[in-house]
Amino acid sequence: MSGQDTEDFGAENLSEKSRMIPSLPPYDMDDQLLPREPRSAGCCLAWTLLVVTMNSLVFFMNLLLLFVIFTIVLLPTIVVVYFGFQCHSQVLHSTARYCKSILDDNSSSALIILGFVIMSPLIVVAMATYCSLARRLRLLMCFQPYSRAVYKGVKWRWYEEGGLCSCAKGWNTQVKAWV
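Remember, it's a predicted structure, so these values are computed and weren't measured experimentally.

Quick notes on the rules
Residues numbered from 1 in each chain as written. Predicted model: local features only at pLDDT ≥ 70, side-chain atom pairs only at ≥ 80, totals over all residues. Heavy atoms only, no water. Helix = DSSP H or I, 4+ residues; strand = E, 2+ residues; numbered from the N terminus. Buried < 20%, exposed > 50% of the residue type's maximum accessible area, 1.4 Å probe, protein only. Contact = heavy atoms within 4.5 Å. Areas by Shrake-Rupley, 256 points an atom, 1.4 Å probe, with all protein chains shown as cover. Core = buried A, V, L, I, M, F, W, Y, C linked by side-chain atoms within 4.5 Å. Patch = residues over 30% accessible without salt bridge, like charges linked within 9 Å, V, L, I, M, F, W, Y side chains within 5 Å. Salt bridge = Lys/Arg side-chain N within 4 Å of Asp/Glu carboxyl O. Phe/Tyr/Trp six-rings, centres within 6.5 Å; stacked < 30°, edge-to-face > 60°. Expected span 1.5 Å × (residues − 1). Bend = angle between axes of the 7 residues up to and from the residue. Disulfide = S-S within 2.5 Å.

**Observations concerning the overall build of the chain**
Part 1 of the argument: Looking only at helices and strands, the chain features 7 helices and 0 strands.
Part 2 of the argument: Evaluated residue by residue, the chain yields a buried proportion of 22% over its 179 residues.
Part 3 of the argument: Partitioning the contacts of the chain with sequence separation of at least 6, the portion at a separation of at least 24 is 70%.
Part 4 of the argument: As presented, the chain carries roughly 13400 Å² of accessible surface, and 68% of it is formed by carbon and sulfur atoms.

**Let's talk about the environment of phenylalanine 59**
Part 1 of the argument: Structurally, phenylalanine 59 can be placed in helix H2 (residues 41-73).
Part 2 of the argument: Along the chain, phenylalanine 59 and leucine 140 lie 81 residues apart, while their C-alpha atoms are 8.8 Å from each other.

**Notes on the nonpolar core**
Part 1 of the argument: Among the nonpolar cores identified, the biggest contains 8 residues, and these are Ile69, Val73, Leu74, Leu122, Ala126, Tyr130, Ala134 and Leu139.
Part 2 of the argument: Among the elements of the structure, H2 and helix H5 (105-137) are those that each provide at least two residues to this core.
Part 3 of the argument: The biggest single contributor to this core is H5, with 4 residues.
Part 4 of the argument: Those residues in contact with leucine 74, other than ones at most four positions away along the chain, are Met119, Leu122 and Ile123.

**Thoughts on a nonpolar patch on the surface**
Part 1 of the argument: On the surface, Leu75, Ile78, Val79, Tyr82, Phe83, Tyr98 and Ile102 cluster together to form a nonpolar patch covering roughly 650 Å² of accessible area.
Part 2 of the argument: Considering each element in turn, the nonpolar patch owes the most residues, 5 residues, to helix H3 (residues 75-87).
Part 3 of the argument: Inspection of the secondary structure puts phenylalanine 83 in helix H3.
Part 4 of the argument: A relative accessible area of 30% means that phenylalanine 83 is categorised as partly exposed.

**Description of the packing of aromatic side chains**
Part 1 of the argument: For the structure on display, the rule yields 2 aromatic pairs.
Part 2 of the argument: Consider the rings of phenylalanine 59 and phenylalanine 60, whose centres lie 5.4 Å apart with planes at 65 degrees: the pair is edge-to-face.
Part 3 of the argument: With relative accessibility at 53%, the residue phenylalanine 60 sits in the exposed group.

**Details of H5**
For an α-helix, 3.6 residues make a turn, and residues three or four places apart therefore share a direction.
Part 1 of the argument: The first and last C-alpha atoms of H5 sit 46 Å apart over 33 residues, in line with the 48 Å expected at 1.5 Å per residue.
Part 2 of the argument: The largest bend in H5 is about 35 degrees, located at methionine 119, with the proline proline 121 one to four residues further on.
Part 3 of the argument: Every buried residue of H5 is listed here: Ser108, Ile112, Gly115, Leu122, Ala126, Tyr130 and Ala134.
Part 4 of the argument: The inward-facing, buried residues of H5 abut H2 and H3.
Part 5 of the argument: Phi turns positive, to about 55 degrees, at arginine 138, one or two residues after H5.

**As for the state of the cysteines**
Part 1 of the argument: Summed over all chains, the structure comprises 1 disulfide.
Part 2 of the argument: One disulfide bridge connects cysteine 87 with cysteine 99, the sulfur atoms lying 1.9 Å from each other. Around the S-S axis, the bridge from cysteine 87 to cysteine 99 shows a dihedral of about -60 degrees and counts as left-handed. With cysteine 87 in helix H3 and cysteine 99 in helix H4 (residues 97-101), this residue pair connects regions lying 12 residues apart in the sequence. Across the pair, exposure class does not vary: cysteine 87 and cysteine 99 are buried alike.

**Quick word on H3**
Part 1 of the argument: Across its 13 residues, H3 extends 18 Å between first and last C-alpha, which sits within 8% of the 18 Å expected from 1.5 Å per residue.
Part 2 of the argument: The set of residues buried in H3 consists of Thr77, Val80, Val81, Gly84, Gln86 and Cys87.

**Some thoughts on the environment of valine 79**
Part 1 of the argument: Here valine 79 lies in helix H3.
Part 2 of the argument: Through-space distance from the C-alpha of valine 79 to that of glycine 115 is 8.2 Å; in sequence the pair is 36 residues apart.

This is how it looks when you write it as structure tokens:
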């Protein structure tokens with residue numbers, strides 16, 4: 001009887017351990033994490049240059065998009081602060097007609113203060129806009145891993161997803177960001 005109890009106890013432990021394993025390993029040879037064949041030195045250098053060039057291009061495209069979004073969103077702040085500094089008598093003291101007739105030093109100071117006060121929320125709006133656009137277009141998925149250059153047989157990330165940087169897939173409308 002005690003032998004049967006230990007067998008039942010072992011079966012119970014086995015079922016608990018099997019529940020702890022998240023899933024079975026993949027049976028497809030392409031999905032398994034087998035040791036990959038390294039490239040030769042010359043081929044590795046060529047692929048490294050290609051991956052670095054592609055990642056640099058993606059980085060500069062992201063930077064350009066960030067610059068364009070921030071310029072468009074912060075344009076009201078730039079204009080208000082510019083006119084405030086241009087018409088203040090102790091800064092630039094322009095001889096323009098609107099500086100003489102409409103804006104005096106007090107109103108120029110008010111424009112400068114207003115510009116810097118509305119800058120903070122507009123920076124948050126610009127960053128939220130960029131993050132939302134980058135997430136929808138999956139721009140950060142365009143970066144390629146360095147292992148693509150070192151080992152043979154590593155697939156491009158965007159190749160499996162259905163297009164360059166996964167942009168061919170439908171947009172996920174359930175994505176929300178807290179700001």
